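Residues per chain are reported as follows:
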Amino acid sequence: MSENFPAGSPADAQVVIAVDVGGTGIKCALVTPDHQVVHSERHATGADRGAEAVVETILSVVEGLAAKAVADDLVPVAVGICIPGVVDEADGVIRYAANTGGMRNVPLRDLATARVGLPVRVGHDVRTGGLAEATLGAGAGYDQVLFIPIGTGIAAAHIVGGKVLAGGHWGAGEIGHIIVRPGGPVCGCGQRGCLEAMASASAVGRRYSERVGVTASAREVASQAAAGDPVAAEVWAETVDALADALLTAQALYDPSLVIIGGGLAEAGEQLLGPLRQALRDRIAFFTEPEIVRARLGDEAGCLGAALLALTVAEFDHPTDPAVLTPLEAEL
């Protein structure tokens, strides 16, 4: 710990610094060991300024939150940062992050540690948000959880016993690139017919707009479908079918007890979840049908997940490692 931050303080004065970096904004907070947010802030990412400027913004935010904690007679003990992209969580390196200025091989953990003198954990945004939903949100009490946020893109986090399975190359959970419609729309990854090209919020709006010649968002398509618009209803049904096909594959691979749907498309609630449950039930064959529910934490999931990363950092235990009780957890 830096000499600027007093050591040996009681646990009720300790906080962790949680930073959720997005392509547009940075959500950050000071969070207690019992997951209470005592201070929160939002900052612009400024991705158009380039990777170096975004990294400096992140470090400045961390430094400012550490100073805020000290000014409030709190003791910052660790930092958790989550960010989209290819994240090497073992080394704390951002291998590639297109949406945050084009970062490549940025040793963010070491840079943040050098800036504030605190232990730091860096995580992938979806895996980190999934950790929060499984621990503090809709998945609390479940041992096997699959978290799928559906927004501009689609990814997933598989949480088993409170640990996130990140894969051998930190790429687990790219469910958006399961091909569900061979020969279908071109995906941003270059393949055709990916789930993301069929059922992401952006894809829903695009497919409807292509058919009617009027630009519309996924929220508007859902509203139009509920109001009886036949084209919107057709697009919505195709979306549900594509999601059900992907969930069937996910069930075969992961066998989660609970599937949590988050992101912008989940705002449709039972208009999405009801038909999705039925469509999966119609396909399920010999697999056990999982519960399917809506996420509870909303856009706070990433920040709370970053706090959970930080809370594991005392002895560098991590949610992608085997479960080990850290000294900080033991004290609490």
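Every chain begins its residue count from 1, and numbering advances along the sequence as written. This being a predicted model, a pLDDT of at least 70 is required before a residue's local features are given, and a value of 80 or more before pairs of side-chain atoms are given or counted; all residues contribute to the totals for chains, interfaces and linings. Side-chain measures here rest on the full set of heavy atoms in the structure, leaving out hydrogens and waters.

Caption draft 1: Just the overall build of the chain, in detail. A tally of regular secondary structure across the chain gives ten helices and 13 strands. Only C-alpha atoms enter the radius of gyration, while the globule expectation follows 2.2 Å times N to the 0.38, with N the number of residues. In terms of C-alpha radius of gyration, the chain reaches 20 Å, essentially the compact-globule figure of 20 Å for 332 residues. With the C-alpha coordinates of the chain rotated into their principal frame, the extents come out at 65 × 45 × 35 Å. Looking at the chain as a whole, 51% of its 332 residues are labelled buried. Any two residues having at least one pair of non-hydrogen atoms within 4.5 Å are treated as being in contact. Long-range contacts, defined here as pairs at least 24 residues apart, represent 61% of the contacts in the chain between residues at least 6 apart. With the model as given, the accessible surface of the chain reaches about 14000 Å², and the carbon-plus-sulfur share is 52%. Secondary structure elements follow DSSP: runs of H or I of four or more residues count as helices, runs of E of two or more count as strands, with numbering from the N terminus. Buried, partly exposed and exposed residues are distinguished by accessible area as a fraction of the type maximum, computed with a 1.4 Å probe on protein chains only: under 20%, between the cut-offs, and over 50%, respectively. All accessible areas in this document rest on Shrake-Rupley with a 1.4 Å probe, and a residue is counted as covered only by the protein chains that are shown.

Caption draft 2: Quick peek at the packing of helix H7 (residues 230–254) against helix H8 (residues 270–283). Here an angle of 0 to 180 degrees is reported between the N-to-C directions of two axes, which are lines fitted to C-alpha atoms, with helices fitted over the stretch in contact. Packing of H7 against H8 brings their axes to within 9 Å, and their N-to-C directions diverge by 50°. For the element pair H7 / H8, the angle class is oblique. In the crossing of H7 with H8, the sense of the turn from one axis to the other is right-handed. Note on element contacts: H8 touches H7 through Gln-271, Leu-272, Pro-275, Leu-276, Ala-279, Leu-280 and Arg-283, opposite Trp-236, Val-240, Asp-241, Leu-243, Ala-244, Asp-245, Leu-247 and Leu-248. Oblique is the label for any angle not under 35 degrees, not over 145, and not in the 65 to 115 range, which are roughly parallel, roughly antiparallel and roughly perpendicular in turn. By definition, turning the near helix anticlockwise from the far helix through less than a right angle yields a left-handed crossing, and turning it clockwise yields a right-handed one.

Caption draft 3: A look at the confidence of the model for the chain. Of the residues in the chain, 91% have a pLDDT of 70 or more, and the chain-wide mean is 90. Mean pLDDT per element in the chain: helix H10 (residues 327–331) is the minimum at 36, and strand S13 (residues 291–294) is the maximum at 98. pLDDT gives the predictor's per-residue confidence on a scale running from 0 to 100. Counting contacts from residues 1–8, a segment whose pLDDT is below 50, to residues more than four positions away or on other chains yields 16 contacts. Across residues 315–332, where pLDDT falls below 50, the model places 44 contacts with residues more than four positions away in sequence or in other chains.

Caption draft 4: Representation of the sheet that holds strand S8 (residues 120–124) within the structure. A pair of strands counts as paired when DSSP detects no fewer than two bridges linking them. Read from one edge to the other, the open sheet built from five strands follows the order S3-S2-S1-S4-S8, with strand pairing classed as mixed. What marks the edges here is a single partner per strand, and that holds for strand S3 (37–44) and S8. With direction set aside, neighbouring strand axes in the sheet form an average angle of 15°. Pairing analysis gives seven bridges linking strand S1 (residues 14–21) to strand S4 (residues 75–83), with the strands arranged parallel. Among the inter-strand pairings, Val-19 is bridged to a residue of S4, identified as Ile-81. Along the sheet, helix H3 (residues 125–136) makes contact with S4 and S8, crossing S8 at roughly 100°. Set on the sheet, helix H9 (residues 301–311) makes contact with S1, strand S2 (25–31), S3, S4 and S8; between it and S1 the angle comes to about 130°.

Caption draft 5: Layout of the pairing of strand S6 (residues 93–97). Where strand S5 (residues 86–88) lies against S6, three bridges are found, and the strand directions are antiparallel. Its bridge partner being in S6, Val-86 is matched across the sheet by Tyr-96. Hairpin connection of S5 to S6: four residues between the antiparallel strands, including Gly-92 at a positive phi of 70°. One ladder, built from three bridges, connects S6 with strand S7 (residues 103–106); its direction is antiparallel. Residue pairing across strands places Ala-97 opposite Met-103, the latter belonging to S7.

Caption draft 6: Representation of the nonpolar core within the structure. Of all hydrophobic cores here, the largest spans 39 residues; its most connected members are Ile-148, Leu-195, Trp-236, Ile-261 and Leu-265. Elements supplying a minimum of two residues to this core: strand S9 (144–149), helix H4 (195–199), helix H5 (201–212), helix H6 (218–226), H7, strand S12 (258–262) and H8. The greatest single-element share of this core, amounting to ten residues, is contributed by H7. Sequence-distant contacts of Ile-148, that is, excluding residues within four places in its chain, are made with Ile-154, Ala-155, Ala-156, Ile-175, Leu-247, Val-259, Ile-260, Ile-261 and Gly-262. The nonpolar core is taken to be a set of buried Ala, Val, Leu, Ile, Met, Phe, Trp, Tyr and Cys residues, with the residues joined through side-chain atoms within 4.5 Å. Formed by 33 residues, the second largest nonpolar core is a distinct cluster that contains Val-77, Val-126, Ala-134 and Ile-159.

Caption draft 7: View of the pattern of salt bridges. In the sections that follow, a salt bridge refers to a side-chain nitrogen of Lys or Arg positioned within 4 Å of a carboxyl oxygen of Asp or Glu. In total, this model carries 20 salt bridges according to the counting rule given. A salt bridge links Asp-299 to Arg-42; its shortest N-O distance comes to 3.3 Å. Of this pair, Asp-299 sits in the loop between S13 and H9 while Arg-42 sits in strand S3; the two residues are 257 residues apart in sequence, bridging distant segments of the chain. Overall, the relative accessible area of 55% leaves Arg-42 in the exposed class. Glu-289 is paired through a salt bridge with Arg-281; the nearest N and O atoms lie 2.9 Å apart. For Glu-289, a relative accessible area of 31% puts it in the partly exposed group. Looking at Arg-281, the relative accessible area reads 40%, which means it is partly exposed.

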